[in-house]
Amino acid sequence: MKKLLSLFYTLVLLAGLSTVAKAADPIRIPVLNWSSQIVMANVMAQAFEELGYEAELVPAESATRYEAVRVGELHVAHETWESTMALPFYAAMDKGGLIDAGSHDLITFEEMGVPNWVIEEGLCPGLPSWEALKSPECAANFATPDSEGKGRWLEGPYEWHTEVMPNRLKGLGIDDLWMVKFAGTADALWAELEAAKKEGRGTIIFNWSPNFTDAAGFTFIDFPPYFEGCRLENGGTLETTGCGSPKGWLKKAAHIKFPITHTSAYKFYTKMEFTAPNIGEMANYVDNEGMTHAEAATAYIANNRDQIDLFMK
Amino acid sequence: MSPTISCSSVYKIFGNNAQTLLSESGGNVDAKKFQEAGCIVGVNNASFDVNQGEMLVVMGLSGSGKSTLLRCISRLTDATSGKILIDGEDICLMNSKQLIELRREKMGMVFQNFALLPHKTVLENIAFPLQVKGVTTENSIHKALEMVELVGLKGRENYFPRELSGGQQQRVGIARSLAVEPDIWFLDEPFSALDPLIRKEMQDEFLRLQSVLNKTIMFVTHDFDEALRLADRIAIMKDGIIEQLDKPDNIVLNPATDYVRKFTEDVPREKVLKIESIMDASDPNASGEIAVKKDDIIETVAEKILNSKDTIKVVDEKNSVVGSINPSKVIKVLFGE
Amino acid sequence: MNKNYLDIIRSSKPAQFGILLIIFLFLYHFIPQNEGNYFWRLPSLLAFIPIKLNEIIYAALYEWFPLKVYDPIFEMYEEKAAFREFTKSISKGLLFLITFVRELLLGGDKIIDIFVSDAWLKENDWMSWPALPWTAATVGAFLLGYQLGGFRLALLGGIGSLYVSIFGNWVPSIQTLSFVLITTPICFVLGLSFGIWGYLDKKVETALQPVLNVMQTMPQFAYLVPIIALFGLGDHAGSIATIVIATPPMIRNTILGLKRISPEVVEAGLMSGCTKRQLLFKVLIPTARRDILNGVNTVIMQCLAMVVIASFVGAKGLGLNLKVALNSLKIGKAAEAGFCIVLIAVILDRFTKAWANKQVDYFENLTFFERYKLLIIFGTSILIFSVVAFIANGYFDKINYLYVIPIEKGLTFAHYIDAAVDWVWDTFFYSLNSFNKFLLTQVLGPMKKAYLGMPVAATLTLTMGIAYIIGGIRTCLLVGGMMLFIAMSKYWDRALITMYMATFAVIMASLNGIIVGSIFAQTQRGSKFILSVCDFFETFPSFVYLIPVIFLFNITDTSVLIAAIVYATVPATRYTVWGLNSVPTSLHEAGTMSGVSRMQRWTNIEIPLAFPTIMLGVNQTVVFTLQMVILGALIGTEDLGQLIFGALSRAQDGPGVAITLGLFVSLMAISVDVIVRKWAEERKKALGLD
């Protein structure tokens, strides 16, 4: 036992002192908690390995990963949604250490909306136009016990857009009929959607497109069009802050040294521009066909060899 | 031959500035004054010797400083001042290495609440002092088995302390303290936590062991009867001071202070006194058939003496006559003046 | 006459509480609620703290003691802060250890990779440690259990790993196990060392107490960002986060255990001739073993309870799988992962206990074969099963089921759980819905309003008053200081919401716990049963029921509170059972002899005597509740928790804010702790216990 232990200590010591030359550190790719993101991480890992690198998948949290990229703990953050993640993304960039490695080939849209049955059952006649929300009868259908008689908007976590939605209610002049409740996580949003679906009750929640979690049966509400500077926090006025959401990007972030330490991997990464159907395919393998994330990635690469080859050039 | 244990002017005073207070007092310690200064006097100017093979019983009520004295001599606590010689070496001046050596070779101690290691079996507990010394497992276990037999616990080697009765646990404690074959044996109220019946049995056992082993013993107790039964000499302590140190019969016959007298008052003398203390040594030529030994306790031979009309001769170990005893003297002891 | 009244007040605590209440209500009513009135809300004089804290954290990360470090890729020297380099090397060591254990069981070449060059490894692709087939591992677990504790433990180990394997959780379970197997000993060694230090040096113990309090009560999410910055992402970071919370109970138990050793045992050790080292390792620590083992048990439980949170900073294994399953609302799948976590906890707990109690037989005289029987069987089974699995490679085309059963292919009972959730939902939805409505409009809503309508002067008077009546002036100042610290930040209103939720959940959980505990504590069997149920709920990840409560109660405070009550009932129940079990039987008998009914015995004898212990349980309930209320931010709350989670994504000032707010939560828990502990002590003294 003692001999074994001392052997082990020696090994640990050797590991610490080990100076064997390494071509490059493994590329560290964050794994979050939704399917498309994990499959994409696996696709990247397999592609990087093809390029001769080592890749490592690291469980991470969507909120904290920009700080991790900034300090070099992660090399990439490959699914960065404008509306929900722009704040930490730009904050990390400002502090230095994180760079913008371009966008995917798709347009994202994130907005308040309703499940289709809300419209079908006529819970709020006039939807998807926002004008329908002016009706007190409509608002009453969306009241919850803790909303003090007002209709409830279920927003994402507060840190996603902070005061945008409460301001929008004020800007539209319907804050006497509606209030904003912030959900804690995306998980909570899905749970609410699932619960509302089961009960067939009305709910107005924050959702986005493309959404690979619950793609079907959701309608966004039409708000007054967005324009640069319409929001109160971007210098807009109370009259204009009722504007809806902008079309957004899906960006890729990288650590500042990534282009130098892993040059051809970085080239692949900048060229890697997935489309909405691509990402849908990735999620589909896991969610509907029951593959593991790694299998799904292999299947995706096999199925889209041309596209991957193009990225690799 | 020099005494095995020799104490001179040993003080133990608890408190922050004990040292300075003691040196200021110049050895004249007044417990009350010290208490006002925030110090408690544990041992106050103790000086005595214990000879090779002798059993000194330190007797006193709780708080009298008897356990503290014992701990000073085993240096479980450091004496505030004084000299404590063990086989001529001052234990107070020893460094920790020497001290450990001394304890490993020469000392054994038995505790009131047994102080067995709960995670070790009987055998492991007894072997512990040996293993600490570096004796191999095999040898130590072998020795421990011998000790188990000596204290009469055969068959319970693999029991845990929690599975034993109090008396059995103390047997383990005794065996452990004897495992290294020490010269000096400390016993700190070893039988106080036991039932009266068991206590008597253990005392007998203890006397049997001592007759075989013949160790130098310091035995602490609060039980005067126990002290009388076991001791070669008794030291009676009160408030840290040794009130009297003498042979049991002398203490009973001539209590030095009122405090000691209180203990001796109710002691049936015939149960304590030996023939030697009442015999007439000036008349070594007494005739008669019957003889008693000078070390016999009066009670055990009283009948024999009273049944004879004449003076009876007293003999020593070698059967040579050393004195005589008159029945009237025995009657005096038994029924008073 | 006047003097008489004063005497009554001085001697009667109820009277004192009454007067305090009157003053409180008076203040509540007559202090006007307007900004700028310092009796209503204090100015945020301490608003600079989060910012300063943030600066300090980043200074430690990037500025303090810069070292020149050569970067071989950029071929230049870079300035790096010594502290971060230090933490990085710790990370490296930890990661090595975890990977080592992991690869030992799952196979791989990462450990080998550390010692050889990439090119060599690529050329020699046979150079990879082989995976242990799950069949052999099951035999191994069975034999290990047998060796440690006979047939019962063998069954536990064998069936446990069989279950984990055929339900497809083998790989994540081993990932989690390797994480725990490394983290637990570290907590153990750290806890033991600090515990010994604290035992030897009173000053150290005094200094440790507040630090331990904060470590144990601080919500884990508050320090996740600094951990990422210092230690990075990965299993090692998860391990660090776990060490923070799991070490304090180990330290406490060690100190407690060592202090309980009778001085005679120490003396016996000394007189046996022990050196200091021998005394420590052969006498003190083994004698304090019971308490130290309790500490180890707590460490194991905490490690496994932290598995999900550890996955937030990069730990792989069951926690991560659970989190991913929850995101797609697969509650059954998540619960399955949760069961594996509990199973690992139980096995580890029983195995370590058996190991610690193992007896040596000195009289056995065995042949070589007999002595190493089990090892030989294990070795043979590895060989056989590996060969079989290797041969089977040709038979299976894609997945070799004899090595690992992957999670999608394993057995599952997830759909039963999902069906059960659905059934509860279908059956109880309407009644629960109206219950929810009633609770929100009639109880929680008004309660929240009342808390938010409390002038700060009234709140401080009430808390400090209670502290004064129970614990005297020192306790009063301590509690007052802590509350003032929160009140002078700009987060007081948030803190009030946290307090409102915590108060409600603590009351409900305590009531539940006391009632459930009392019912089961009536018989010995009941006690044993309910205590193992408590063990289950303490290790079963609470994340799993965050989603079902949303189904049932929507995204409301009710959901958060229900989750908190379920979780926090555990300690209240546990301590109630302990307290009632410790009531001496003689008193039961005395009660029975005086002819009291069972109910009377409960109210008049058992509960009062068990009360001090129960109060310590309530203490724990407060800590558990606060943790869960903060975690409630994952559902959606408007209290401190929401800000703590929000701060995770704010690189500019996030860490500072998160830690400050986490500290606030700690201070609330500690305030309650100080008062309750004092109270329990006094009751104990009054009852002559201890």
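As the structure is a computational prediction, the values presented were derived from the model and not from experiment. Positions within a chain are numbered from 1, following the residues in the order the chain's sequence is written. Numbering of ligands from 1 and lettering of chains from A proceed in the order in which they are written. Since the coordinates come from a predicted model, pLDDT governs what is reported: local features require at least 70, and pairs of side-chain atoms require 80 or more to be given and counted, while whole-chain, interface and lining totals use all residues. Side-chain calculation: all heavy atoms of the structure are included, whereas hydrogens and water are not.

(A) Just the nonpolar core, in detail. Take the buried Ala, Val, Leu, Ile, Met, Phe, Trp, Tyr and Cys residues and link them wherever side-chain atoms come within 4.5 Å; each set so joined is a nonpolar core. Partly exposed residues are those whose accessible area sits between 20% and 50% of the maximum for their type, while under 20% is buried and over 50% is exposed, using a 1.4 Å probe and protein chains only. Within the largest apolar cluster, 312 residues are counted, with the highest numbers of intra-cluster contacts made by L133(A), W153(A), W178(A) and F543(C). Secondary structure elements are defined from DSSP: runs of H or I of at least 4 residues count as helices, runs of E of at least 2 residues count as strands, and each element is numbered from the N terminus. The element contributing the most residues to this core is helix α29 (residues 654-687) of chain C, with 14 residues. By size, the runner-up hydrophobic cluster in this structure holds 61 residues, among which are M59(B), I141(B), A179(B) and I298(B).

(B) Region of interest: the interface of chain B and chain C. Contacts are residue-level and defined by heavy atoms, with any inter-residue pair within 4.5 Å sufficient. With 31 residues of chain B in contact, the opposing surface of chain C contributes 20 residues. Here chain B packs against chain C, burying approximately 2300 Å² in sum over the two surfaces, 64% of which is carbon and sulfur. By salt bridge we mean one thing: a side-chain nitrogen of Lys or Arg within 4 Å of a carboxyl oxygen of Asp or Glu. On the surface where chain B and chain C come into contact, there are one salt bridge. Two residues, E267(C) and R71(B), come together in a salt bridge whose shortest N-O distance is 2.6 Å. Nitrogen and oxygen atoms within 3.5 Å of one another constitute a polar contact, given that in protein one can donate a hydrogen and the other can accept it, and given that sequence-neighbouring residues count only through two side-chain atoms. Where chain B packs against chain C, one counts six residue pairs in polar contact (both at pLDDT 80 or more). Looking at the side of chain B that touches chain C, the elements that each hand over two or more residues are α4 (96-106), β6 (107-110), α5 (122-133) and α6 (137-150) of chain B. For any pair of parts, buried area is found by adding up, for both, the accessible area (1.4 Å probe) each one loses once the two are put together.

(C) Region of interest: the interface of chain A and chain C. Contact with chain A, which involves 64 residues of that partner, is made by 64 residues of chain C. Of the roughly 5600 Å² buried at the junction of chain A and chain C (both faces included), carbon and sulfur atoms supply 61%. Its largest share of buried area at the contact with chain C, chain A owes to P59(A), P145(A) and K198(A), together 11% of the area lost on that side. At the boundary of chain A and chain C, one finds four salt bridges. Note that K198(A) is salt-bridged to D426(C), the shortest N-O span being 3.4 Å.

(D) Unusual backbone geometry, seen in detail. Here the bond from L127(A) into P128(A) is cis, since omega is 10 degrees, no more than 30 degrees from zero. Its place among the elements puts P128(A) in the loop between α5 (116-120) and α6 (136-141). Despite not being glycine, E148(A) has its phi angle at roughly 55 degrees, a positive value. With respect to the helices, strands and loops of the structure, E148(A) is situated in the loop between α6 and β6 (151-155). With relative accessibility at 65%, the residue E148(A) sits in the exposed group. Positive phi values are uncommon outside glycine, yet E181(B) reaches one of about 55 degrees. One can find E181(B) in the loop between α7 (166-178) and β7 (184-188). Assessed through its relative accessible area of 48%, E181(B) is described here as partly exposed.

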